[in-house]
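# Close look at the chain arrangement
Read off the chains here:
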Amino acid sequence: MTTADIAAGPPPRTRRERPTLTAVITWVAAGCFVAVILGVLASVVVQSFATTWRGGWWPAGLTATWYGRAWSSTGMSQALANTAQAGVAVVVIALLAGVPAGYLLARRAFPGRSVVMLLMLLPIILPPMTYAVQLAALMYRVGLGGSMTAVVLVNLVPTLPLVVLIMVPFVEQISPEVENAARVFGANNLRLFSRVLVPLLLPGMLAAGILVLVRTLGAFELTFFVSAADTQTLVVALFGAISDPGGVPGPLTAAMAVTYMLVAVLGLAVSLRFVTPSQAIRQRHR
Amino acid sequence: MSVAEQTTGAGTQGSTFGSLQMRQVSRWYGKTAALTDLDLELAHGEFVALLGPSGCGKSTALACLAGLQPLTTGSIWRDGKRIDSLPADKRGFGMVFQSYALFPHLTVARNVEFGLSMRKVPRAERRRRAQAALDLVQLADHAGKLPSQLSGGQQQRVAIARALAIDPEIVLMDEPLSNLDAALRIEMRTEIKRLYQERELSVLYVTHDQEEALSLATRLVVLRGGRLEQSGTPEQVYTQPASAYVAGFMGYRNMISARVEQVESDPRRVCVVAGDLWLQGTADPAAGLRAGSEVMVAIRPEDIVPGRAGVNDVPALAEVVEYHGRELAVRARTERGVVLHFRTEKPVAAGARVTLGAPEERVLVFPAEGRAEVPDDAHG
Ligand SMILES: Nc1ncnc2c1ncn2[C@@H]1O[C@H](COP(=O)(O)OP(=O)(O)OP(=O)(O)O)[C@@H](O)[C@H]1O
Ligand SMILES: [Mg+2]
């Protein structure tokens, strides 16, 4: 065959790789894992629509009334409002304080910088249970016990360091010369921040914001010990319903759980809509 | 928008610039000095080229002037007012950064407009001036791209356009043509010179390139290890370098270690020996050379003439002949191994015997010193 023949021939088909044993094991394990999770979730969803369900594969009948009852009877709407309020407040405050702090930590070299970084890791990696009670006691001591302020404050404890730690590498990847250029061309601190730093840090800020939101939605122990009946969030309300000795019907708690899941998924979906870094940057252009 | 915000960013626009001075500026990074007691002046309408090898403090000097680096000691003055505590955004300089420092999230057009929008220039005018600046650097077609989508040379030209778009009185340029190909470099060089003349700019221009410095500047400043080594008109620095170090930078490719044989009655005339090379040369009487002093002899390749010149004649063997178009660059070696570079328009073949000579006023003799800092790429 001449070279011309080779060039004119059909493009070589990419050989299909035979799966290796490791790949098979990984896929099977991953499949089992996903199946179990989906199964559990599905059972919760089904139960929330069940009239009664005692064993067997399918409940005796289906109804949507549990959602109505959950909404009216157990302070669900209140809990939902509290969750939204706390989530937004924690995200906003954590970003407002954490982004500048992360900036300083990334840009200024000072003695003990690594110690500070290490200390910041503590509240993130420690299980909240280890300090939730003491934190709640402190809140009650200063007279904030049971208030929405207290709920927001305790949730800031692990999330603020989280924002700082996420922002540090994002700041480090911005060349100091770019900041210098902004200054030389007439940007004061405010403009430097709003016109150069924030757009460049936006992907990091969005990522940090989402993680903070997820953490706040799921923060049970922290919120549980400081909140009162009128300030509790969805998870806390859910726990209250499940552990109520009076015996709230199973489907009712399932309905609450589904509501919680929907809120979490919705929040995440909305946030992820913006988080792709390239997208975030592209939005800044005409 | 607050009133305070309105007044910021305008810089020192409006006032006419007389002179900018660095006085006895030192800048230390930890325990190492990047600048030591540096005096530098840029007067209105001057084009000062700052020369020196890598790491000698050129960029640091620019950063100090622009207010991007704090001074360790010394002061900076503009028209008799001390400005070293004035923040960078109030100085109103145009600047081309060595690393370009374009805003990665802004398009080319927005990058060029940045300084104008900080100065609250209305949008239509901003567009027009950015467009003009981009035309100047031949990048009008790329206005909508992000910096990451440009080649290095294109990015560098955006940086030049950004500095010129604000129509500054003072422009600081840190090797603004380093990344361009030869043809474009010469074109941009002419463009910069034209702008400098048309707009009465005052320019401080960092470069490694001797030819660039000579063709653009009204004054050359040579730095050495953070100190001023020589300052003068291009002609002064070119024909009368103050030291072997400066000579090495100004295209004196023949740097020969030698010993003084005799100082004539005219103390400017010295006779030196290096191997089989006996040379009549010129020295600064202030250098205090005596018979036996170790010296460095500097001769430009263009000043060595093949064929008997009558003075300083020495026989040599042509070793390497490079074709440079109009002329040949030849490396020759004398019998005792002294290497000489010269240029000639007459044909010379490798291996040919030649006799080389040089006029004694073009044979410069300097006190010997370490030559390690003189970079090889400084020869034109
Ligand atoms: N941020 C810094 N920290 C510590 N040392 C620095 C810093 N910036 C510069 N230096 C040192 O200061 C000296 C001068 O650096 P500078 O960047 O001014 O050199 P330059 O003349 O511009 O060199 P080049 O031609 O390579 O750009 C160098 O020795 C460099 O190592
Ligand atoms: Mg430099």
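Residues numbered from 1 in each chain as written. Chains lettered and ligands numbered in written order. Predicted model: local features only at pLDDT ≥ 70, side-chain atom pairs only at ≥ 80, totals over all residues. Heavy atoms only, no water.

## Points about the site of ligand 1
Residue and element names in this part refer to chain B. Every residue close to ligand 1 is listed here: Tyr 29, Ala 34, Ser 54, Gly 55, Cys 56, Gly 57, Lys 58, Ser 59, Thr 60, Gln 98, Glu 175 and His 208. At 2.5 Å from an oxygen atom of ligand 1 is found a side-chain nitrogen or oxygen belonging to Thr 60. In the environment of ligand 1, an oxygen atom lies 3.2 Å from a nitrogen or oxygen atom belonging to the side chain of His 208. In the complex, the protein chains occlude 58% of the 640 Å² of accessible area that ligand 1 would expose alone. With 3 residues, helix α2 (residues 58-66) is the single largest residue contributor to the shell around ligand 1. Class assignment for the residues of the shell around ligand 1 results in 3 nonpolar, 7 polar and 2 charged. (Near = heavy atom within 4 Å. Polar contact = N/O pair within 3.5 Å; in protein donor to acceptor, adjacent residues only side chain to side chain. Areas by Shrake-Rupley, 256 points an atom, 1.4 Å probe, with all protein chains shown as cover. Helix = DSSP H or I, 4+ residues; strand = E, 2+ residues; numbered from the N terminus. Nonpolar A, V, L, I, M, F, W, Y, C, P; charged D, E, K, R; others polar.)

## Observations regarding the UniProt feature "domain: ABC transporter" (unreviewed entry) in chain B
Annotation from UniProt places "domain: ABC transporter" (unreviewed entry) at residues 20-250 of chain B. Taken end to end, residues 20-250 of chain B comprises 37% helix and 26% strand; its first and last C-alpha atoms sit 26 Å apart. (UniProt positions renumbered as here; feature names shortened; annotations may be inferred.)

## Details of the domain arrangement of chain B
Partitioning chain B into structural domains gives domain 1 (3-239) and domain 2 (252-370). Each of domain 1 of chain B and domain 2 of chain B has a C-alpha centre, and these two points are 39 Å apart. (Domains from an automatic or database assignment.)

## Focus on the domain arrangement of chain A
In many analyses, interface size is given as the accessible surface area lost on bringing the parts together. All names here are of chain A. Taken domain by domain, chain A holds domain 1 (18-63) and domain 2 (75-284). Taken over C-alpha atoms, the centre of domain 1 sits 31 Å from the centre of domain 2. Taken together, the 7 residues of domain 1 in the interface contact 7 residues of domain 2. Both sides together, the interface formed by domain 1 and domain 2 hides about 500 Å², and carbon and sulfur atoms give 81% of it. Summed over the three residues of domain 1 that lose the most area to domain 2, namely Val 44, Gln 47 and Ser 48, the buried surface amounts to 66% of that side. Applying the counting criterion to the domain 1 and domain 2 interface returns 0 salt bridges. (Contact = heavy atoms within 4.5 Å. Buried area = accessible area lost by both parts, 1.4 Å probe. Salt bridge = Lys/Arg side-chain N within 4 Å of Asp/Glu carboxyl O.)

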